[in-house]
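Fold and geometry: a report
Now for the letters of each chain:
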Amino acid sequence: MEHPLTGSEIRFNTMREKISLLLEEVRTFAAANAENLEQFRIRFLGRKGLLQDMFDEFKTLSVEQKRDVGQLLNELKNAAQDKVNTLMETLYSSNGSSEVETDLTMPVNFRETGTRHPLNIVRNEIIRIFRRLGFTVSEGPEIEDDWHNFSALNFPPEHPARDMQDTFFIEQDPDIALRTHTSSVQIRTMETTKPPIRSIFPGRVYRNEAISARAHCFFHQVEGLYIDKNVSFADLKQTLLYFAREMFAADTQIRLRPSYFPFTEPSAEMDISCNLCGGKGCGFCKYTGWVEILGCGMVDPNVLENCGIDSKVYTGYAFGMGIERITNLKYQVKDLRMFSENDLRFLRQFESSF
Ligand code: PHE
């Protein structure tokens, strides 16, 4: 007489049966799309999937049964994994349809490209204008020492611009700071290059200011430097007039007002005729007809000497402008903070091929 099956024998037989059915299912499975395939993968191979369940049940079998079922389970697992791999390959190489490979009119997977940041658009425009005049472009470090950011530029030791209010120093070393202007790159260039020098220096600069619509703790500059024999203030003026007219409009007027910078003598600030009202006066230019765009001057002989350039042979001019300022004038951005908030609704307005 046949003895009744034990619990473990019943489990053994059911498992064998189940595995062969599932094996058949795996072999015949075809995925219509990526979602289908993912469902299949989760059902068989997922952490709470069929195979995991069966491997758990497997632990309750006898040693002999284990040998038998273990082999079958591994077979099922490999079959499921192979199936997923092959289907993945076909799905992703042909977009799930064998027709795709031959139908060249099918749309491609469209990837949206970003737009250029407004500050970069304007920076590139400034660079292109000065390139046309023969200026080269140089960059330098944002973490600077006192010499390049201040001392070599003729800042007296007690000058207020060195004050903790304006400059980010590091606690460990009063000699190291985040550069407050790209004039530091002018020094680096003069130290390493023999005149003639004709370069511009774009870059990010830092000042310790409370963040508001009109001030930020970092912003961007382009400074320029021209050193040669017989460079005069007239050269500076003509260069800046050319720049203003290329950047804004062909009939833009410029105005130079006397000013002070430790590293230039004489120094000036330059206004352009208001590009919104054409100089007639409006809210934007506070009804003066003029808006300030940059600082400039003849390089102080002390600065030339600090960099090993003979100030009896060479003269030069320098200028510096804020990219945010120029961008505001071009696009009327009311709040500086917009430039660093990464709001796509703002950024997408500046489509450009530059
Ligand atoms: N370095 C000055 C600033 O950051 C700008 C400047 C550059 C002025 C060159 C004159 C000459 O404000």
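A quick note: this is a predicted structure, and the numbers were derived from the prediction, not measured.

1. Remarks on the sheet that holds strand E10 (residues 315-322)
Spatially, 7 strands are ordered E1-E5-E6-E10-E9-E8-E7 in an open sheet, and the strand pairing comes out mixed. The open sheet is flanked by strand E1 (136-137) and strand E7 (254-261), the only strands paired with a single partner. Strand direction decides the pairing type here: strand E5 (residues 197-206) and strand E6 (residues 218-228), joined by 10 bridges, are antiparallel. By the bridge assignment for E6, Phe201 is matched with Glu223. The strands that helix H7 (residues 183-192) touches are E5, E6 and E10; relative to E6, the one it contacts most, it runs at about 35°.

2. Quick notes on the nonpolar core
Counting residues in each nonpolar core, the largest one holds 44 residues, and the members touching the most others are Ile126, Ile272, Ile293, Phe319 and Met321. Elements with a contribution of two residues or more to this core: helix H5 (118-132), E6, helix H8 (233-247), strand E8 (264-273), strand E9 (290-299), E10, helix H10 (323-331) and helix H11 (344-347). Here the element with the most residues in this core is H5; it accounts for 7 residues. Beyond its immediate chain neighbours, meaning those up to four positions away, Phe319 contacts Phe130, Phe135, Gln186, Ile200, Val222, Glu223, Gly224, Leu236, Leu240, Leu294, Gly295 and Cys296. Grouped together as the second largest cluster of nonpolar side chains are 24 residues, Phe12, Leu22, Val26 and Met54 included.

3. Some remarks on unusual backbone geometry
In this model, Pro195 is joined to Pro196 through a cis peptide bond whose omega is 5°. For the peptide bond that leads from Glu265 to Pro266, omega is -5°, which places it in the cis range. Among the structural elements, Pro266 can be located in strand E8. The backbone of Asn154 sits at a positive phi, close to 75°, despite the residue not being glycine.

4. Concerning the site of the ligand
Taken together, 13 residues sit near the ligand, with His181, Ser183, Arg207, Gln221 and Glu223 positioned nearest. Between an oxygen atom of the ligand and a side-chain N or O atom of Arg207, the distance comes to 3.0 Å. For the ligand, a nitrogen atom lies 2.8 Å from a polar atom in the side chain of Glu223. Against a free-state accessible area of 330 Å², the protein chains account for coverage of 89% of the ligand. Elements with a contribution of two residues or more to the shell around the ligand: E6, E9 and E10. Counting residues per element, the shell around the ligand draws most heavily on E10, at 3 residues. When the residues that make up the shell around the ligand are grouped by side-chain class, the tally is 5 nonpolar, 6 polar and 2 charged.

5. A short note on the side chain of Ser199
Mapped onto the elements of the fold, Ser199 is located in strand E5. On the basis of relative accessibility, which here comes to 5%, the residue Ser199 falls in the buried class. Separated by 2.8 Å, the side chains of Ser199 and Thr136 make a polar contact.

6. So, the domain arrangement of the chain
We note that the domain assignment places domain 1 (8-91) and domain 2 (118-353) within the chain. The centre of domain 1, based on its C-alpha atoms, is set 68 Å off from the matching centre of domain 2.

7. Some thoughts on the sheet that holds strand E2 (residues 143-145)
The 3 strands are arranged E2-E4-E3 in an open sheet whose pairing can be described as antiparallel. The open sheet is flanked by E2 and strand E3 (169-170), the only strands paired with a single partner. Both E2 and strand E4 (residues 173-178) contribute to a ladder of 3 bridges, which runs antiparallel. Bridge assignment links Ile143 to a residue of E4, and that residue is Leu178.

8. Regarding the packing of H5 against H10
Orientation of H5 relative to H10, taken along the N-to-C sense of each, is 100°, at an axis distance of 9 Å. Judged on the interaxial angle alone, H10 and H5 are roughly perpendicular. Contacts between H5 and H10 involve Pro118, Leu119, Ile121, Val122, Arg123 and Ile126 on the former and, on the latter, Ile323, Glu324, Ile326, Thr327 and Tyr331. Here the contact of H5 with H10 is built from residues that sort into 8 nonpolar, 1 polar and 2 charged.

9. Quick word on helix H3 (residues 50-58)
All of the buried residues along H3 are Leu50, Leu51, Met54 and Phe58. Buried residues along H3 cover an arc of 90° about the axis, so they all sit on one side.

10. A short note on the packing of aromatic side chains
Counted by the stated rule, this structure contains 16 aromatic pairs. Ring centres of Tyr226 and Tyr317 lie 5.4 Å apart, and the angle between their planes is 75°; this geometry places the pair in the edge-to-face category. Here Tyr226 is found in strand E6, whereas its partner Tyr317 is found in strand E10, with 91 residues between them in sequence. With a relative accessible area of 16%, Tyr226 lands in the buried category.

About the thresholds
- Residues numbered from 1 in each chain as written.
- Predicted model: local features only at pLDDT ≥ 70, side-chain atom pairs only at ≥ 80, totals over all residues.
- Heavy atoms only, no water.
- Pairing = 2+ DSSP bridges.
- Helix = DSSP H or I, 4+ residues; strand = E, 2+ residues; numbered from the N terminus.
- Contact = heavy atoms within 4.5 Å.
- Axes fitted to C-alpha atoms, helices over the stretch in contact; angles between N-to-C directions.
- Core = buried A, V, L, I, M, F, W, Y, C linked by side-chain atoms within 4.5 Å.
- Buried < 20%, exposed > 50% of the residue type's maximum accessible area, 1.4 Å probe, protein only.
- Near = heavy atom within 4 Å.
- Polar contact = N/O pair within 3.5 Å; in protein donor to acceptor, adjacent residues only side chain to side chain.
- Areas by Shrake-Rupley, 256 points an atom, 1.4 Å probe, with all protein chains shown as cover.
- Nonpolar A, V, L, I, M, F, W, Y, C, P; charged D, E, K, R; others polar.
- Domains from an automatic or database assignment.
- Parallel < 35°, antiparallel > 145°, perpendicular 65-115°, else oblique.
- Arc of directions from axis to C-beta.
- Phe/Tyr/Trp six-rings, centres within 6.5 Å; stacked < 30°, edge-to-face > 60°.

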